[in-house]
Amino acid sequence: MKNLLLGSSMMFIATLGATPSMAQIGEGLVSEGQISENLASQQLLARIISLEEELASLRTAVQQSTQNAAIAREKADIAVATVTKVETKIVKVEKKAKSATYSGSESDAKWHLAGYADVGFVGSNNASGNDSFVTGKFNPGFHFQYKDLLMFESELEFVTNSDGETTTELEYSQINLFLNDYATLVVGKFLSPIGQFQERLHPSWINKIQGAPAGFGHDGLQPTSDTGIQLRGSLPVGETRLAYTLMMGNGPRLTSESAVDTEGTGRDDNSNKSFGGRLGYFPTPNIEIGGSFLTAKVNSYMDPAAGLPFVPTGPTDSRYKLWGVDGAYTKGAIAARFEYLNSTRASLFTVTDDEPLGEIVPTLDMEAWYGQISYRLSNVGGSDFIKRLEPVIRYGQFRINGQDELAEENAQNRFNIGLNYWLSPTIVTKAGLEWRNSIVAGVDSETRYQFQVSYGF
Amino acid sequence: MTKRKIQMLWLGGFATITTLFLTSMVSVSAAPAKKAAAKKTDTMQIVRGAKAWKNNCSRCHNLRSPKELTDAEWDTSVAHMRVRANLAKADAEDIVAFLKASN
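Numbers given for residues are sequential positions, taken from 1 along each chain in its written order. Written order decides the labels, with chains lettered from A and ligands numbered from 1. Thresholds applied to this predicted model are a pLDDT of at least 70 for local features of residues and 80 or more for the giving and counting of side-chain atom pairs; totals over whole chains, interfaces and linings are not thresholded and use all residues. Excluded from the side-chain calculations are hydrogens and water; all other atoms, namely the structure's heavy atoms, are used.

A. Quick peek at the pattern of salt bridges. Salt bridges, as used here, are contacts in which a Lys or Arg side-chain nitrogen is within 4 Å of a carboxyl oxygen on Asp or Glu. In total, this model carries 16 salt bridges over all chains according to the counting rule given. For Asp148(A), the salt bridge goes to Lys89(B), with nearest N and O atoms at 3.9 Å. Taken together, the positions of Asp148(A) in the loop between strand E3 (137–146) and strand E4 (150–160) and Lys89(B) in helix H4 (residues 89–102) put the pair across two chains. Think of it in three bands: residues with accessible area under 20% of the maximum for their type are buried, residues over 50% are exposed, and the middle band is partly exposed, with areas taken using a 1.4 Å probe on protein chains only. Of the residues examined, Asp148(A) reaches a relative accessible area of 42% and is grouped as partly exposed. The salt bridge partner of Arg414(A) is Glu434(A), with a shortest N-O separation of 4.0 Å. Within this pair, whereas Arg414(A) is found in strand E17 (residues 412–424), its partner Glu434(A) is found in strand E18 (residues 427–438), the two being separated by 20 residues in sequence. For Arg414(A), a relative accessible area of 11% translates into the label buried. Several salt bridges share partner residues, and in doing so they unite Arg200(A), Arg278(A), Glu288(A) and Asp326(A) into one network. The secondary structure listing takes helices from DSSP runs of H or I that are at least 4 residues long and strands from runs of E that are at least 2 residues long, numbered from the N terminus.

B. Region of the structure containing a negative patch on the surface. Residues and elements named next belong to chain A. Judged by side-chain charge, Asp219, Asp353, Asp354, Glu355, Asp404, Glu405, Glu408 and Glu409 come together as a negatively charged surface patch. Mapped onto the secondary structure, Asp404 falls in helix H4 (residues 404–410). A relative accessible area of 62% means that Asp404 is categorised as exposed. Excluding any residue in a salt bridge, patches collect residues exceeding 30% relative accessible area, merging like charges within 9 Å and nonpolar Val, Leu, Ile, Met, Phe, Trp and Tyr side chains within 5 Å. What sets the accessible areas is the Shrake-Rupley method with a 1.4 Å probe; for residues, cover comes only from the shown protein chains. The charge count includes Lys and Arg as positive and Asp and Glu as negative, but it does not include His or the ends of the chains. For the purpose of locating charges, the reference atoms are NZ of Lys, CZ of Arg, CG of Asp and CD of Glu.

C. Layout of the confidence of the model for chain A. The predictor attaches a confidence to each residue, called pLDDT, with possible values from 0 through 100. This prediction gives chain A a mean pLDDT of 85; 83% of its residues lie at or above 70. Only heavy atoms enter the contact rule, under which two residues are in contact if any of them lie within 4.5 Å. Predicted confidence is poor over residues 99–104 of chain A, with pLDDT under 50, and the contacts of this stretch with residues over four places away or in other chains come to 12 contacts.

D. Here's a closer look at unusual backbone geometry. Phi at Lys147(A) is positive, roughly 45°, even though this residue is not glycine. Assignment of secondary structure puts Lys147(A) in the loop between E3 and E4. By relative accessible area, which is 43% here, Lys147(A) ends up partly exposed. Here Asn86(B), not a glycine, exhibits a phi torsion of approximately 50°, which is positive. Summarising the element assignment, Asn86(B) is placed in the loop between helix H3 (71–84) and H4.

E. Inspection of the packing of helix H2 (residues 43–56) of chain B against H4(B) at higher detail. All names here are of chain B. Here H2 crosses H4 at 105°, and the two axes come no closer than 7 Å. Relative to H4, H2 is oriented roughly perpendicular. Across the interface between the two elements, Gln45, Ile46, Arg48, Gly49, Ala50, Ala52, Trp53 and Asn56 of H2 pack against Glu93, Asp94, Ile95, Ala97, Phe98, Leu99 and Ala101 of H4. Polar here means any residue other than Ala, Val, Leu, Ile, Met, Phe, Trp, Tyr, Cys and Pro, which are nonpolar, and Asp, Glu, Lys and Arg, which are charged; Gly is therefore polar. Tallied by class, residues from the contact of H2 with H4 come to 9 nonpolar, 3 polar and 3 charged. Fitting a line to C-alpha atoms yields each axis, with helices limited to the stretch in contact; the angle taken between N-to-C directions then spans 0 to 180 degrees. An angle counts as roughly parallel when it lies under 35 degrees, as roughly antiparallel when it exceeds 145, as roughly perpendicular when it falls between 65 and 115, and as oblique in every other case.

F. Geometry of the packing of H3(B) against H4(B). Residues and elements named next belong to chain B. Viewed as axis vectors pointing N to C, H3 and H4 meet at an angle of 155°, and their least axial separation amounts to 10 Å. The orientation of H3 relative to H4 falls into the category roughly antiparallel. You can see that H3 and H4 cross each other, and the crossing is right-handed. Here Asp71, Trp74, Asp75, Val78 and Arg82 of H3 come into contact with H4, specifically with Lys89, Ala92, Ile95, Val96, Leu99 and Lys100. Classifying every residue of the contact of H3 with H4 gives 6 nonpolar, no polar and 5 charged. Crossings are sorted by hand: turned counterclockwise from the far helix by less than a right angle, the near helix makes the crossing left-handed, and turned clockwise it makes it right-handed.

G. Summary view of the environment of Glu405(A). Here Glu405(A) lies in helix H4. Sequence separation of Glu405(A) and Glu257(A) is 148 residues, and the distance between their C-alpha atoms is 8.4 Å.

H. Seen up close, the nonpolar core. We call a set of buried residues a nonpolar core when its members are Ala, Val, Leu, Ile, Met, Phe, Trp, Tyr or Cys and they connect through side-chain atoms within 4.5 Å of each other. Core analysis: the largest hydrophobic core is formed by 36 residues, its most contacted members being Leu221(A), Leu322(A), Met366(A), Phe398(A) and Ile400(A). Every element with two or more residues in this core is listed here: strand E6 (183–191), helix H2 (197–201), strand E10 (287–299), strand E11 (317–331), strand E15 (364–375), strand E16 (389–401) and H4 of chain A together with H3 of chain B. Considering every element that reaches this core, the biggest residue donor is E15(A), with 4 residues. Excluding its chain neighbours within four sequence positions, the residues that come into contact with Ile400(A) are Leu364(A), Asp365(A), Met366(A), Leu406(A), Ala407(A), Asn410(A) and Ala411(A).

I. The interface of chain B and chain A, seen in detail. Counting from both sides, the interface comprises 43 residues of chain B and, opposite them, 58 residues of chain A. Summed over both partners, the accessible area (1.4 Å probe) lost when two parts come together is defined as the buried area. Here chain B meets chain A over a buried area of about 4400 Å², counting both sides, of which 58% is carbon and sulfur. One can count 3 salt bridges joining chain B with chain A. Residue Glu153(A) is joined to Arg84(B) by a salt bridge in which the shortest nitrogen-to-oxygen separation is 3.7 Å. Elements represented by at least two residues in the side of chain B that touches chain A include exactly helix H1 (3–38), H2, H3 and H4 of chain B. In terms of residue count, the dominant contributor to the side of chain B that touches chain A is H1(B) (14 residues).

J. Region of the structure containing empty space enclosed by the protein. Site definitions follow a grid-based scheme: protein atoms alone, a 1 Å grid, a 1.4 Å probe that fits but cannot get out for cavities, and for pockets an open set with protein on both sides within 12 Å along at least five of seven lines, plus lining residues having an atom within 4 Å of a point. Grid points are joined across faces, edges and corners, and a volume is the space filled by probe spheres set on the points. Under the counting rule described, the total for this entry stands at 8 cavities of 30 Å³ or more. Here the largest cavity is characterised by a volume of approximately 710 Å³. Contributing to the lining of the largest cavity are 40 residues, with Trp205(A), Ile206(A), His61(B), His80(B) and Met81(B) lying nearest its centre. Of all the secondary-structure elements, those providing two or more residues to the lining of the largest cavity are strand E1 (109–124), E3 and H2 of chain A together with H2, H3 and H4 of chain B. The leading source of residues in the lining of the largest cavity is H3(B), at 6 residues. Across the lining of the largest cavity, the residue classes tally to 22 nonpolar, 11 polar and 7 charged.

As structure tokens, this is what we get:
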């Protein structure tokens, strides 16, 4: 019985002890349906929420893309408007281009405005020479071309001189008639084809040194221009070629200093024409060797206002002869040039500054030459600045025999060194030193400092 | 013979020589002119032009970039240079073709 009691009490205790778990089980059993329902609905809820979120973000995305689309449409509208505007502008520009400046390459007539301008500064150690800014030159050039047949070219020169006066000169004005493959006929006022400096090297964007070599400029021994006709072109000689220029013109006149006036004239002072030309031969494309000559008759100088105040005691005309040789070697950055000219004006009776009633002046002999070498440092390694530099050196001489005043003024040895800086192939800044040593005893020598900016356009 | 007559003889002689020279040249030039027309868009012409440009156009001054001028400007400028630099027509044409292809 005691065992039964013990057993039953133990069972009771055990039952009591087990109650919570029983209760748990009971509870579990009771709410299992509820829990799974809850879970499902919660999952559903979460799903709905996430769907809602997704929907919301989709909605904003849709809204955004609608907005974007609107912006894009706006932009597209603007773009279309711009394109239309540009198109109308292009049509307008095309119309303008056809009617104005450059008349399209298909048209028969074309024209081109070119030329050059320069400004500078010249300083001198000479007592009579002041350091001064020089206005330099403005030389507009005009080219009008009709098909392959004809070209009219002309160049004006505007200069302000030391008195503040601006002078205008017609450098040249010529019609070029293209005759055939090898010949062109030139009619009008043209630059002297004698030698190489006058016709080819004098524009300041081409000339490597400020100013002409002694004897080759406006006070030189060579006429700078003439009025007449030229026949010129190129002839093939095997693999090489020969450049030729033949000319006939009014010829030069005498100055009151009994020297030859360098400026070509529009009317001949005698009906005797000047006759001359140049031949240039190219043994290789880098080398040119040239020879030139000119012969003309010159009449004694007369002041047009003074009429004929004299009774001649000798011939009133005489022969002027000019000949020269020149050579050039140009390869890449190197240019070496040489030129020699020799002129003779025979003795004649003429009016001079010293003798207003006329006198017999002796034969006037002049001789000028120069050699020049320049080297652009474009192949020398180093900075862009160095590559644009070009040192240049020139030495020349001008001799005058037969007119002492001219000789005192101009006969000299002239030595130049310079350093050029090329901003572009046709824009150059030149800095240089020039030593002028008179050949005539007793005349001071002079050192000049030169600075120039030139632009060929 | 008077001076005047000698002058006239000079002039007449020059004119005759010129005319003779020109007429002989015209017959010479007729054939190459036709050839030139046929080779308009020839790439060989551009190659020839490049060489002629290099050989001729830096003799007196620096070479300018082909881009510096328009086609029409190159036409007039090279015609100008043909006279100044005593170039044969064929060379001038080749040079223009090269410049126009490169600008």
